[in-house]
Amino acid sequence: QVQLVESGGGLVQAGGSLRLSCATSGTIFSINTMRWYRQAPGKQRELVAVITSGGNTNYAASVKGRFTISRDNAKNTVYLQMNSLKPEDTAVYYCNADVRKTDWRLYDYWGQGTQVTVSS
């Protein structure tokens, strides 16, 4: 079974930094687009950053200039470097991936989430 496992969350002071990782495991052929979402209590899930298989990136306006998404294709891992963190960045962060399995079909997978808490 394909699994996405996030790590790197934690508690930081405002202005601090965290680096999230999401490793994909299982029998796959390739990973296409990978994304980071976040969800704060009482809010809808929000798309934070996107990276394509070719390395093209897009960011939500609220994080642009502060967050950087990257990937290591050899490790099937996507990262989210978060700098200049603000209390409003507090949320559970989820990675998401479009995975091409060996049957050539695309599957949408989600990680279980990692908590990021930014204190004032």
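Look up: the structure comes first, before these words.
Residues numbered from 1 in each chain as written. Predicted model: local features only at pLDDT ≥ 70, side-chain atom pairs only at ≥ 80, totals over all residues. Heavy atoms only, no water.

Draft legend 1. Representation of the pairing of strand β3 (residues 18-25) in the model. In terms of strand pairing, strand β1 (residues 3-7) meets β3 through 5 bridges, oriented antiparallel. By the bridge assignment, V5 is partnered in β3 with A23. Strand direction decides the pairing type here: β3 and strand β8 (residues 77-82), joined by 6 bridges, are antiparallel. Looking across to β8, one finds that C22 is bridged to V78. (Pairing = 2+ DSSP bridges. Helix = DSSP H or I, 4+ residues; strand = E, 2+ residues; numbered from the N terminus.)

Draft legend 2. Representation of the state of the cysteines in the model. For the structure shown, the criterion picks out 1 disulfide. The disulfide partner of C22 is C95, and the S-S distance across this bridge is 1.8 Å. Judged by the sign of its S-S torsion, about 50°, the bond between C22 and C95 is right-handed. Taken as a pair, C22 in strand β3 and C95 in strand β9 (residues 91-100) lie far apart in primary sequence, 73 residues in all. In this structure C22 comes out as buried when scored by relative accessible area, which is 0%. (Disulfide = S-S within 2.5 Å. Buried < 20%, exposed > 50% of the residue type's maximum accessible area, 1.4 Å probe, protein only.)

Draft legend 3. Structural detail: the nonpolar core. Among the nonpolar cores identified, the biggest contains 30 residues, and W36, V48, F67, V78, L80, M82 and Y93 are the most heavily contacted of them. Looking at this core, the elements with two or more residues in it are β3, β4 (30-39), β5 (46-51), β7 (67-72), β8, β9 and β11 (114-119). Take this core: its biggest share by element is 5 residues, from β9. When neighbours within four sequence positions are excluded, Y93 is seen to be in contact with E6, L20, W36, Y37, R38, V48, F67, L80, M82, G113, T114 and V116. (Core = buried A, V, L, I, M, F, W, Y, C linked by side-chain atoms within 4.5 Å. Contact = heavy atoms within 4.5 Å.)

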